[in-house]
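One letter stands for each residue in the lines below.
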Amino acid sequence: MRREDAPKVICVWDTETGGVDITSDRIFTAYAMLRSITGETLKEKSWVLNPGVPMSPAAAEINGLTDEYIQENGMPARHAINEMYMFLSDSVRAGIPLVGYNTPFDLGILSHEVRRHFGFDMWDTFGKDALYFDPFVYDVGTVKKRRGNRKLMTVAGHYGIELDESRLHEAQYDVEVTNHLAWKMLKASPHTLAELQPLQVEWRKAYAENLTRYFASVDKTEEDGSPIVVDPNFPWNREGETK
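Residues numbered from 1 in each chain as written. Predicted model: local features only at pLDDT ≥ 70, side-chain atom pairs only at ≥ 80, totals over all residues. Heavy atoms only, no water.

**Q** Help me understand the overall build of the protein chain, please; the structure alone is not making it clear to me.
**A** The secondary structure content of the protein chain amounts to nine helices and six strands. For the protein chain, whose C-alpha radius of gyration is 18 Å, the value lies close to the compact-globule estimate of 18 Å for 243 residues. The C-alpha extent of the protein chain, read off along each of the three principal axes, is 50 × 45 × 40 Å. For the protein chain, the residues scored as buried account for 47% of the 243 residues in total. Residue pairs at least 24 apart in sequence account for 69% of intrachain contacts in the protein chain once pairs closer than 6 positions are excluded. Within the protein chain, the 37 negative side-chain charges are centred at a point lying 6 Å from the centre of the 27 positive side-chain charges. (Helix = DSSP H or I, 4+ residues; strand = E, 2+ residues; numbered from the N terminus. Rg over C-alpha atoms; globule rule 2.2 N^0.38 Å. Buried < 20%, exposed > 50% of the residue type's maximum accessible area, 1.4 Å probe, protein only. Contact = heavy atoms within 4.5 Å. Lys, Arg positive; Asp, Glu negative; His and termini not counted. Charge placed at Lys NZ, Arg CZ, Asp CG, Glu CD.)

**Q** How do you make sense of the sheet that holds strand S4 (residues 75-76) when you look at a structure like this?
**A** Taken together, six strands build an open sheet; the order of strands is S4-S3-S2-S1-S5-S6 and the sheet is mixed. The strands lining the two open edges of the sheet, one partner per strand, are S4 and strand S6 (132-133). When strand S3 (residues 41-50) meets S4, the two strands line up parallel, connected through two bridges. Each residue of the ladder has a partner; that of Leu49, found in S4, is Met75. The sheet strands contacting helix H3 (residues 77-93) are strand S1 (9-17), strand S2 (27-36), S3, S4 and strand S5 (98-99), and the helix crosses S3 at an angle near 155°. (Pairing = 2+ DSSP bridges. Axes fitted to C-alpha atoms, helices over the stretch in contact; angles between N-to-C directions.)

**Q** Explain the side chain of Arg35 here, please?
**A** Note that Arg35 resides in strand S2. Judged by relative accessible area, Arg35 falls into the buried class, the value being 8%. When residues no more than four places from it in sequence are discounted, the contact partners of Arg35 are Lys8, Val9, Ile10, Glu40, Thr41, Glu176, Asn179 and Trp183.

**Q** What am I meant to see in the environment of Pro57 here?
**A** Within the fold, Pro57 resides in helix H1 (residues 57-63). On the basis of relative accessible area, Pro57 is assigned to the exposed category, the value being 64%. The sequence separation of Pro57 and Gly19 amounts to 38 residues, and the corresponding C-alpha distance is 9.7 Å.

**Q** Please clarify how the nonpolar core should be interpreted in this entry.
**A** Generally speaking, soluble globular proteins have nonpolar side chains that are buried together. Of all hydrophobic cores here, the largest spans 63 residues; its most connected members are Met84, Leu88, Leu110, Phe133 and Leu196. Take this core: its biggest share by element is nine residues, from helix H8 (residues 171-188). Apart from residues lying up to four places away in sequence, Leu110 is in contact with Trp13, Ile27, Ile81, Met84, Leu88 and Met122. Among the nonpolar cores identified, the runner-up in size contains six residues, and Phe28, Val48, Ala59 and Ile70 belong to it. (Core = buried A, V, L, I, M, F, W, Y, C linked by side-chain atoms within 4.5 Å.)

**Q** How do you make sense of the packing of aromatic side chains when you look at a structure like this?
**A** Where two aromatic rings form a pair, the distance of their centres and the angle of their planes describe that pair. Under the criterion given, the structure shown has eleven aromatic pairs. Geometrically, the ring pair formed by Tyr85 and Phe120 is edge-to-face, given 5.3 Å between the ring centres and 70° between the ring planes. Taken as a pair, Tyr85 in helix H3 and Phe120 in the loop between helix H4 (103-118) and helix H5 (122-125) lie far apart in primary sequence, 35 residues in all. Judged by relative accessible area, Tyr85 falls into the buried class, the value being 9%. On the numbers, 5.6 Å between centres and 55° between planes, the contact of Phe133 with Tyr138 is tilted. The burial state of Phe133 is the same as that of Tyr138; both residues are buried. Among the aromatic side chains, those forming a connected cluster through ring pairs are Tyr85, Phe118, Phe120 and Phe126. Positioned over the ring face of Phe87 is Lys43, at 4.7 Å from the centre of the ring. (Phe/Tyr/Trp six-rings, centres within 6.5 Å; stacked < 30°, edge-to-face > 60°. Lys NZ or Arg CZ within 6 Å of the ring centre and 35° of its normal.)

Next comes the structure, spelled out in structure tokens:
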């Protein structure tokens, strides 16, 4: 992507949640920032939420959050979700693209949180108008075979980004790494951001279909024995939101 075609600013964000079900699990921490192409942080905001439900032990092992920490430091979820939504919405209205690693998960869970607390569809207010960039989707679309997994830190390492292992699974640190990765990809991409919108839809769908077929071929199933179906949607899965 030519420098003159690259966005001047991107909105990079991430969440830490109590699970992986976007329809029922909750956001516990989040961080968002506006970072310019020259490396300047123009705006940033972090959140610790108290959603009124306990953190699952499995999630706590990954993100290090405890119920005690949430109770002491968490702000009311409704207030935090509104601030988070407005940060992204203001960015979209300013023409700033939204960037996240595996962004369908974070956008999906935020969309359900917005509907839970405020009763409207995030797609209608800014989702359909936004430009998106997901380094995960870009990597699976442009690098067909990748040694190791496609986790953020693994892919970042392939792009020569130095990592601080002690800060893994911090929302703010994940955003910093995603920011570095996104700029590296955007500057090297032969596509403009506008061209990348339909390509990311195609890449996400192809990735999901291939992984779903792989799970079936090795007889890997959900805990209840049902087939594993990888979500193919981009920028997020809106099933159940428009009923």
